[in-house]
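Fold and contact review
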Amino acid sequence: QVQLVESGGGLVHPGGSLRLSCATSGSIFSINSFDTMGWYRQAPGKEREMVATITRGQTTNYAASVKGRFTISRDNAKNTIGLQMNSLEPEDTGVYYCNARILIEAYWGQGTQVTVSS
């Protein structure tokens, strides 16, 4: 059993910043157990999309729409990953989900709402 718990969402004005965190727990709680971890988001009426991922070897990948504004990181000591989001735009609004993968197995958190609005 793997639990991923997101935190840090909220309401922010355009141009503002938020930081999301994802903590792992359960039978597989060390983030080093996962091949890749990342953040996905789903806006109302749209499909879930990849935002940013980071591998065990610290290789990162970003969606084109967030590159240069968002930064994904991992803290092995705290078993957490983070997503620093700067220069937020209304188009960034959605539910943000933490994801962890081991080979073909994928685990998801419950999601945290991010709303960017004036």
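Scroll up for the structure.
Below: a short report on this structure. (Residues numbered from 1 in each chain as written. Predicted model: local features only at pLDDT ≥ 70, side-chain atom pairs only at ≥ 80, totals over all residues. Heavy atoms only, no water.)

**Structural notes on the sheet that holds strand β8 (residues 80–85)**
Spatially, the four strands line up as an open sheet ordered β1-β3-β8-β7, and their pairing is antiparallel. Only two strands of the sheet have a single partner each, and these edge strands are β1 (2–7) and β7 (70–75). Neighbour-to-neighbour, the strand axes of the sheet open up by a mean angle of 15°, direction not taken into account. Sheet topology note: the strand β3 (residues 18–26)/β8 ladder contains six bridges and is antiparallel. Residue L20 lies in a different strand from β8, and its bridge partner there is L83. (Pairing = 2+ DSSP bridges. Helix = DSSP H or I, 4+ residues; strand = E, 2+ residues; numbered from the N terminus. Axes fitted to C-alpha atoms, helices over the stretch in contact; angles between N-to-C directions.)

**Describing the pairing of strand β4 (residues 36–42)**
In terms of residue burial, β4 counts as a mostly covered element, since five of its seven residues are buried. Relative to strand β5 (residues 49–55), β4 runs antiparallel, the two being bridged by six bridges. Each residue of the ladder has a partner; that of Y40, found in β5, is M50. Where β4 folds back onto β5 in an antiparallel hairpin, the turn is made up of six residues, including G45, whose phi is positive at roughly 80°. (Buried < 20%, exposed > 50% of the residue type's maximum accessible area, 1.4 Å probe, protein only.)

**Regarding the state of the cysteines**
Counted under the stated rule, the structure contains one disulfide. The side chain of C22 participates in a disulfide bridge whose partner is C98; the two sulfur atoms lie 2.1 Å from each other. Negative torsions about the S-S bond denote left-handed disulfides, and the value of about -80° found for C22 with C98 makes this one left-handed. One end of the pair, C22, is in strand β3; the other, C98, is in strand β9 (residues 94–102), and 76 residues separate them in sequence. There is no split in this pair, since C22 and C98 are both buried. (Disulfide = S-S within 2.5 Å.)

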